[in-house]
Amino acid sequence: MMKRFFTFFVTLAVAGVVSAYAQTLQKSSAEVPAQVKRCVAVEEYTGTACGWCPRGIVGMEQLRKEFGDQFVGIAIHQYNSGDPMYINPNAYASIGFTGAPSCALDRRYITDPYYGNGNDIADDFRAVLALPAEAGVEVDGVWNEDSTSVQAVATIMPLVDGSAYSVEFVLIADSLTGTATSWTQQNYYYQYTPAQADATGTELAQFCKGGENGKSSVKGWIFNDVAIKSSYVSNVNQASGVSNLVAGVEATSEYTLTLPTKTTLKKALRKDFIYVAALLVDAKGIIVNSAKARVQGAGDSVGIETAQTSSTTRTAARYSLDGRQLPAAQKGLNIVRMGDGTVRKLIVK
C-alpha cells in the first residue's frame, strides 16, 4: 500500500486529545448556556514540487465538500520557493511541519491530510469537530477602494469568564491557476495503480496509473484554500489579541491585510474568490475556534455595512473597537447599536 511510503507524525493521539479537552472544557463552562458555531481549521503543508501532495489536495477537497463552512481550509505552500503560491515561513505561523503533505487540525496534532490518523482524514476532522466550543468567532472583511488591502474584523463571543486569546487573520484564495511551468503540480502517483495507492473508488485515483491526471506532472490544476497573506510579519503575529473576557460579552480584533504583489500570483487572483479567516488561539497555541467569510466590497451588505447605507432605524450608541463610546462617527470601523437593539459593524470612509 502507498501508505507505507509516507511516515507521518502525530504529536497526540486523536482519542486522547478529544477526551481530555472535552472533559476539561465541559467542567469550566457547564453553566454557560450559549451555543456558538464550531469550525475546524485545517492547515496543510504543500507545494507544487511535492510529488506526493496530490493526496493532500484530494484530502482537502474531500473535507471541503463533506463539511462545508465548518471546514476552514488553509493550504500553506512552503514546500518549494519556486511555487507561485509560495508564502514565506516568516509570514505565517510556525506550526512544526516536517514533511509534505501534512496537515494540522486546529494545531492539536500533525497528521496526513488524506489518511489522517487512520484511513480517512474525515474521521480525524469529525473527532476534532466534536469538541465543545470554548468561544465563538465571526469574521468580516472589506476591500479598500483600490482592492489592494482588506480590513478584517473578528468578533469573539467568549463562553468562559477570564479567557484570553490571540487572534490571527489569513487571506485565502480559491480558483488559482496559471499556464507558466511554475504552476505545474508534480505527481508521483502516476506510477501506481489505484489499488496500490489505497485509492480505489476515490478522487485520488485520477492521479494514478490510467487516471485522468495520471501523469508525472499535472498542468492546469485549479488550486483552492491557498493562504496568500496572514497577520504574521517577521515571525510575529501583528493582530491584537483579546483578554480578560466576560462570558457572553462580545470582543473584537481588527487588522488590515495587504494583498501579495508578486506578479505571477497577483495575475491569478480573482476578487470574488478571496476570503478572510480568523483563528482564535489559546495560550497553548491551540486554535479553539475559527471562521471564514468572503471579502466584501463597496455596496455589499453582508456583516459590515458602509457609511453610505441608509437605514430608518435610529442609532442609539456608537463605539470604537476597544469599547469606548464615540460622540460621533469616526473614520474606520464603528460598532453601532441601533434603536431596536441590534448591533451593526459600520465602515466609515
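Anyway, here's the lowdown on the structure attached to this text. This is a predicted model, so every value here is computed, not measured.

To continue, consider empty space enclosed by the protein. Within this structure, the stated rule accounts for one cavity of 30 Å³ or more. Size it by volume and the largest cavity reaches roughly 120 Å³. Glu-44, Ile-57, Ala-75, Phe-223 and Asn-224 are, among the 15 residues lining the largest cavity, the residues nearest its centre. Contributions of two or more residues to the lining of the largest cavity are made by β1 (40-46), α2 (54-67) and β2 (71-77).

Time to look at the state of the cysteines. Going through the model one piece at a time under the given rule, you end up with one disulfide. The disulfide that involves Cys-50 links it to Cys-53, with 2.3 Å between the sulfurs. Between Cys-50 and Cys-53, the disulfide has an S-S torsion of 90° and is therefore right-handed. By relative accessible area, which is 2% here, Cys-50 ends up buried. Using a relative accessible area of 0% as the deciding quantity, one classes Cys-53 as buried.

Evaluated as defined, the whole model comprises nine aromatic pairs. Consider the rings of Phe-207 and Trp-221, whose centres lie 5.3 Å apart with planes at 50°: the pair is tilted. Of this pair, Phe-207 sits in the loop between β8 (185-186) and β9 (217-218) while Trp-221 sits in the loop between β9 and β10 (226-230), and the two are 14 residues apart along the sequence. Of the two residues, Phe-207 and Trp-221, neither departs from the other in class, the shared state being buried. Ring-pair connections join several aromatic residues into one group, and the members of that group are Trp-52, Tyr-188, Tyr-189 and Tyr-192.

Attention now moves to the packing of α2 against helix α3 (residues 121-129). α3 packs onto α2 with a crossing angle of 50° between their chain directions and a minimal axis gap of 10 Å. Considering their axes alone, α2 and α3 lie oblique with respect to each other. In this structure, α2 crosses over α3, and the sense of that crossing is right-handed. Packed against α2, whose contacting residues are Gly-59, Gln-62, Leu-63, Glu-66 and Phe-67, the element α3 presents Ile-121, Ala-122, Phe-125, Arg-126 and Leu-129 at the interface. Of the residues that constitute the contact of α2 with α3, the class distribution is six nonpolar, two polar and two charged.

Here the focus is the pairing of strand β3 (residues 102-105). Residue alternation in β3 divides its side chains into two sets, Ser-102 and Ala-104 and Cys-103 and Leu-105, and both sets are buried. Two strands pair when backbone bridges link them, and β1 and β3 are joined in this way by four bridges, in the antiparallel orientation. Paired with Tyr-45 across the two strands is Ser-102, which belongs to β3. Sheet topology note: the β3/strand β4 (residues 110-111) ladder contains two bridges and is antiparallel. Looking at the pairing, Cys-103 lines up with Thr-111 of β4. Taking the residues that link successive antiparallel strands as the turn, the β3-β4 hairpin has four residues, and the phi of Asp-106 there is positive, at about 55°.

How each quantity is defined
- Residues numbered from 1 in each chain as written.
- Predicted model: local features only at pLDDT ≥ 70, side-chain atom pairs only at ≥ 80, totals over all residues.
- Heavy atoms only, no water.
- 1 Å grid on protein atoms, 1.4 Å probe; cavity = no way out; pocket = protein on both sides within 12 Å on 5 of 7 lines; lining within 4 Å.
- Points joined across faces, edges and corners; volume = space filled by probe spheres on them.
- Helix = DSSP H or I, 4+ residues; strand = E, 2+ residues; numbered from the N terminus.
- Disulfide = S-S within 2.5 Å.
- Buried < 20%, exposed > 50% of the residue type's maximum accessible area, 1.4 Å probe, protein only.
- Phe/Tyr/Trp six-rings, centres within 6.5 Å; stacked < 30°, edge-to-face > 60°.
- Axes fitted to C-alpha atoms, helices over the stretch in contact; angles between N-to-C directions.
- Parallel < 35°, antiparallel > 145°, perpendicular 65-115°, else oblique.
- Left-handed = near helix turned anticlockwise from the far one by under 90°.
- Contact = heavy atoms within 4.5 Å.
- Nonpolar A, V, L, I, M, F, W, Y, C, P; charged D, E, K, R; others polar.
- Pairing = 2+ DSSP bridges.

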